[in-house]
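One-letter residues, chain by chain:
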Amino acid sequence: MNKPVVILMCAGLIAILALRFWSTYHKTSNYTNGQTVSFVTTITTTARVSGNFQKITVHPDPSTAIFITLPRDIELDYRKTVRISGTSLRSVLSNKKTILTMYLPKVEAVKRSNNLSDRLIQIPLIASRFVRTQVGLVFAKALPSDLASLLLGIVLGVKGNMSSGFSQALSRAGVTHVIAASGMNVVIVGGFLVSFFTIFFKRQPSLVFAIAGIVFYAFLAGMEPSIIRASIMGILVLASQIIGRQYLASYGLILAVYSMLFVQPVLIADIGFQLSVTATAGLLYIKPLLDRFMPKIPYLGEDLTTTLSAQVATLPILLTTFGSYSLGSILANLLVLWTVPILMAIGAAAAALTFFFQPLAVLVTYLSLPFLMYFERVVYVLSGLPALHIDSLPFISIVGYYLFVIALVVGFQKKPE
């Protein structure tokens, strides 16, 4: 296929995606502070439980997101249609970002046709909730509350009943992504799986085993939308590396991003999506450069370049979203990420044994205690380090940062023989 035809095809695909975005965002909603609103929406994300409350993001229309706080006992199943009524409030976060919130609104279930696709989706979701509950009970029997929540987060992407102090320490140390069902977590876990299996096998089999590991993790994490999104992206990238060279992996990433944005244009503003895309790109383009130019450090070589590539690729997003960046984040990740595969293996074994012989599952869970205590101590120590605070990051600075990184990648990229 000649070059002009390729350019025309790319321009056509970009035009189609632009039209898709226009059809989604051309109608804007004007929610004022203190306005009483009532709307029908379908739940497309999973609620985050914190104490006696749960928090979830809903979309009254494609261009509007509202962060809602509800009692913990209200069931918000994925794909469930509900009517939400309450007062919308504009809240300003610590990084001066304004969001729409609703506190304890009224939630009513709306009857809808229960078609075959919805029934098929509900089956694994119901099963995953049952698995989470049972595994959480086993972890709670063997471990203190915070450590049980930490293990549950690493294995299933659920924070559980984690104390606010420990949760804040994780955030300040820059390792929250390890216990969240996010794209960055899947990418880093996939990278560690490749590194781990490479010790025992050649590159191609290691990639196959890593893909199997990502699929297993997706099911274990309850097949949440963010996990499905990141898993598809990770599998496409790894599969491309199996059948060809690096540029095929790039095509896989572009295809995954294009497909996801075409199906759900609102993902462009989703932080999890942004982190998963940039972290994946970091592993594809920045990590090979770091592997070439950084000296090999025993036991830390792969971990160090994996962590640095993800951190470099996602730094502007982290700064603009959270307004700060922990100066001990890289050190914290280096010190604790090696425990993640071990804890996932122990947690997965305990989770499997939960449904066969619970006393043995509890005993296996005890094996994770020294690693969890080490993880907890590192987090508390490094969370006290100063953080880089930025009130606002101009858009031109973000563009300049990524252009500089791209220039470095292109300039130092190894030319094919």
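Below: a short report on this structure.

Calculation criteria
- Residues numbered from 1 in each chain as written.
- Predicted model: local features only at pLDDT ≥ 70, side-chain atom pairs only at ≥ 80, totals over all residues.
- Heavy atoms only, no water.
- Core = buried A, V, L, I, M, F, W, Y, C linked by side-chain atoms within 4.5 Å.
- Buried < 20%, exposed > 50% of the residue type's maximum accessible area, 1.4 Å probe, protein only.
- Helix = DSSP H or I, 4+ residues; strand = E, 2+ residues; numbered from the N terminus.
- Contact = heavy atoms within 4.5 Å.
- Patch = residues over 30% accessible without salt bridge, like charges linked within 9 Å, V, L, I, M, F, W, Y side chains within 5 Å.
- Areas by Shrake-Rupley, 256 points an atom, 1.4 Å probe, with all protein chains shown as cover.
- Salt bridge = Lys/Arg side-chain N within 4 Å of Asp/Glu carboxyl O.
- Axes fitted to C-alpha atoms, helices over the stretch in contact; angles between N-to-C directions.
- Parallel < 35°, antiparallel > 145°, perpendicular 65-115°, else oblique.
- Left-handed = near helix turned anticlockwise from the far one by under 90°.

## Thoughts on the nonpolar core
- Judged by nonpolar contacts, the single largest core of 52 residues is most densely connected at Phe139, Ile154, Leu170, Val175, Phe375 and Val379.
- The element best represented in this core is helix 3 (residues 145-156), accounting for eight residues.
- Every residue in contact with Leu170, bar those within four places of it in the chain, is listed here: Met162, Val175, Thr176, Ile179, Phe375 and Val379.
- Membership of the second largest hydrophobic core comes to 14 residues, among which are Ile66, Leu76, Val82 and Met102.

## Some points on the side chain of Ser383
- Mapped onto the fold, Ser383 is located in the loop between helix 14 (369-382) and strand 9 (387-389).
- Contacts of Ser383, omitting those with residues within four sequence positions, involve Ala169, Arg172 and Ala173.

## Some thoughts on a nonpolar patch on the surface
- Nonpolar side chains collect at one region of the surface, where Phe130, Phe355, Phe356, Phe357, Leu360, Leu363 and Tyr366 lie side by side and expose about 770 Å² of accessible area between them.
- Of all the elements, helix 13 (residues 358-366) adds the most residues to the nonpolar patch, at three residues.
- Within the secondary structure layout, Phe356 lies in the loop between helix 12 (339-354) and helix 13.
- Overall, the relative accessible area of 71% leaves Phe356 in the exposed class.

## Quick look at the packing of helix 9 (residues 271-293) against helix 15 (residues 395-412)
- In contact at an axis separation of 11 Å, helix 9 and helix 15 are set at 45° when each is read in the N-to-C sense. If you check the angle between helix 9 and helix 15, you find them oblique. Crossing handedness for the pair helix 9 and helix 15: left-handed. When helix 9 is examined against helix 15, the residues Thr278, Tyr285, Ile286, Leu289, Arg292 and Phe293 are found in contact with a partner set consisting of Tyr402, Val405, Leu408, Val409 and Phe412.

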